[in-house]
Amino acid sequence: MLDISPHLVEDKEALYLQLYRYFRAEIQEGRLPSGTRLPSVRALSGFLQVSKTTVECAYHQLLAEGYIESRERSGFYVVDMEWDGPLPEHAGKKSVPTAGAVGVAAAGGRVPHAAEQPEDGQPVSIRYDFHHARVDAEHFPYERWRKYTNQCMQKENRSVLYYGDRQGEPFLREELARYLSRARGVQATPEQIVIGAGTQIMISLLGFLFGPRGQIVAMEEPGYNGVRSVFAHLGFAVCPIRLEEDGIDVEALGKSGARYVYITPSHQDPSGIVMPYAKRLKLLHWANQTGGYIIEDDYDGEFRYHGRPIPSLQGLDTHGRVIYLGTFSKALLPSIRISYMVLPQELLAIYHEQLADFDQSASRIHQETLALFMKHGDWERHIRKMRTLYRKKHDAMLHILQEQLGPYILLKGQDAGLSMTVEVASDCTALQLAQIAEAAGVRVYPTSHKWMEPQPKALPAFQFGFGGMTTEEMEAGIRLLQKVWGPYLRKR
């Protein structure tokens, strides 16, 4: 056991916050150096005579703020605060096995050696990138977008060069309200819609609306780390709630003490679970009974390939307990940086009272261009075209993965969105497999950072994106993966 002596006072602030601040100070002052393994939850709770929940919440807060990391099959470790990315290994220099590699070797599995890494120390050219959020830029309607941008930039419309509406341009909010009602079943007036430059901006605004620091926000485990990070930096305690086969565990949510929960019910990130109607009703019942709020992130609800699109959870809400989030990053382009939320009336009043002086973060020119794009029907035509295109890419990706890696993988999260999750049967960790792939010019993305708690017995898992790749690139990339991963795979 480390020499740990936090002074915890029962009648002061929450014990987990005191413990979190103690560890944070120890790390910042260098008394807990990088690489230090923290005691297990069970060991520390016994040593300090506090509940395991207290230790877990403190660790989760440190994890969310980047002070510690969870390592597969190992536990929690202090991160290297000076780390700025991997340094190239020069030719002739021996590589030092990682802790994960030692674990694999001990288990009898084969691990990559230095000879399998680039020998000249030069960065490897990435030929195939399976990023899960890339979109197909080849089919973006450049001419139509340029036409509406030019229309906005006429001299007689010079007001577009000035600050616009702080809540978002009324023209765009009107178009959004009509579209959301028609396509996603969302109940919204233009006055309820708030626009901003990305989902994290929206979450920041919600954090300000929710009030005092230290409140508990529940999130799916695993879940979107970008949102988790924002809540943590705003001083909220992020509580991970495990997933069941049909989505978040509502019973565990009820026991968590959280008043707010962030979910992705139409295509859970990263598992791909689609929350069924019965579970949605249970979640709404929780919100109604506790006076809580559900943050529904419908980040890629436009893209469902087999069966009808799932209507929004917000459309079922009759008591104003759901905050609906959406974005144009997946269906249009990420660089446009326009997201939005639909606030219940109770929160809308607080927004006008407390955040009326916050300037708009999204480009007024892009907002007006998008409003024209929607008004003239180009948005819904674009969605129909991209849904067809992405369905073909989705089906091609499924076929190629099954053909090349079928006996060694388990597929999850297909039938919607721009990615699918692939669990790989291997004694290597996800990080090791990603490094092997990168050395061959293929970039893949482990899902391990989306978990708050270590998963010692879980298979390495990756999100494979197909939106920004051609079928030929998918096939060549996965063939190459099969070749370089082959020696480390075992049948399920």
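This section reports on the structure supplied with the text. (Residues numbered from 1 in each chain as written. Predicted model: local features only at pLDDT ≥ 70, side-chain atom pairs only at ≥ 80, totals over all residues. Heavy atoms only, no water.)

## Some points on helix 14 (residues 430–439)
For helix 14, every residue scored as buried is listed here: Ala430, Gln432, Leu433, Ala434, Ile436 and Ala437. Count one or two residues on from helix 14 and you reach Gly441, which has phi positive near 95°. (Buried < 20%, exposed > 50% of the residue type's maximum accessible area, 1.4 Å probe, protein only. Helix = DSSP H or I, 4+ residues; strand = E, 2+ residues; numbered from the N terminus.)

## Details of the pairing of strand 16 (residues 461–465)
Counting buried residues along strand 16, five of its five residues qualify, which places the element largely inside the surrounding structure. Here strand 16 shows two buried faces, one formed by Ala461, Gln463 and Gly465 and the other by Phe462 and Phe464. Relative to strand 16, strand 13 (residues 419–424) runs antiparallel, the two being bridged by five bridges. Paired with Val422 across the two strands is Phe462, which belongs to strand 16. Where strand 15 (residues 445–446) and strand 16 come together, two bridges link them in antiparallel fashion. Within the sheet, the bridge partner assigned to Tyr445 lies in strand 16 and is Gln463. (Pairing = 2+ DSSP bridges.)

## Considering the layout of surface pockets
Roughly 570 Å³ of volume is contained in the second largest pocket. For the second largest pocket, the lining is made up of 33 residues, of which Ala133, Tyr224, Asp269, Tyr299 and Lys330 are closest to its centre. Elements represented by at least two residues in the lining of the second largest pocket include exactly helix 7 (199–210), helix 8 (225–233) and strand 13. (1 Å grid on protein atoms, 1.4 Å probe; cavity = no way out; pocket = protein on both sides within 12 Å on 5 of 7 lines; lining within 4 Å. Points joined across faces, edges and corners; volume = space filled by probe spheres on them.)

## Comments concerning the packing of aromatic side chains
One pass over the full model with this rule turns up 19 aromatic pairs. Three or more aromatic residues link up through ring pairs in this structure, and these residues are Phe140, Tyr142, Trp145, Tyr148 and Phe373. The ring of Tyr293 carries the charged tip of Arg321 above its face, separated from the ring centre by 4.2 Å. (Phe/Tyr/Trp six-rings, centres within 6.5 Å; stacked < 30°, edge-to-face > 60°. Lys NZ or Arg CZ within 6 Å of the ring centre and 35° of its normal.)

## Some words on empty space enclosed by the protein
A full pass over the atoms with the stated rule returns two cavities of 30 Å³ or more. Approximately 30 Å³ is the volume attributed to the second largest cavity. The wall of the second largest cavity is formed by Glu220, Gly247, Thr264, Pro265, Gln268, Ile273 and Met275. Residues that form the lining of the second largest cavity fall into these classes: three nonpolar, three polar and one charged. (Nonpolar A, V, L, I, M, F, W, Y, C, P; charged D, E, K, R; others polar.)

## With respect to unusual backbone geometry
Here the bond from Glu221 into Pro222 is cis, since omega is 5°, no more than 30 degrees from zero. In this fold, Pro222 is placed in the loop between strand 5 (216–221) and helix 8. Residue Asp269 is joined to Pro270 through a cis peptide bond whose omega torsion reads 10°. Secondary-structure assignment places Pro270 in the loop between strand 8 (260–263) and helix 10 (277–290). Phi at Arg337 is positive, roughly 55°, even though this residue is not glycine. Of note, Arg337 is situated in the loop between strand 10 (322–327) and strand 11 (339–342).

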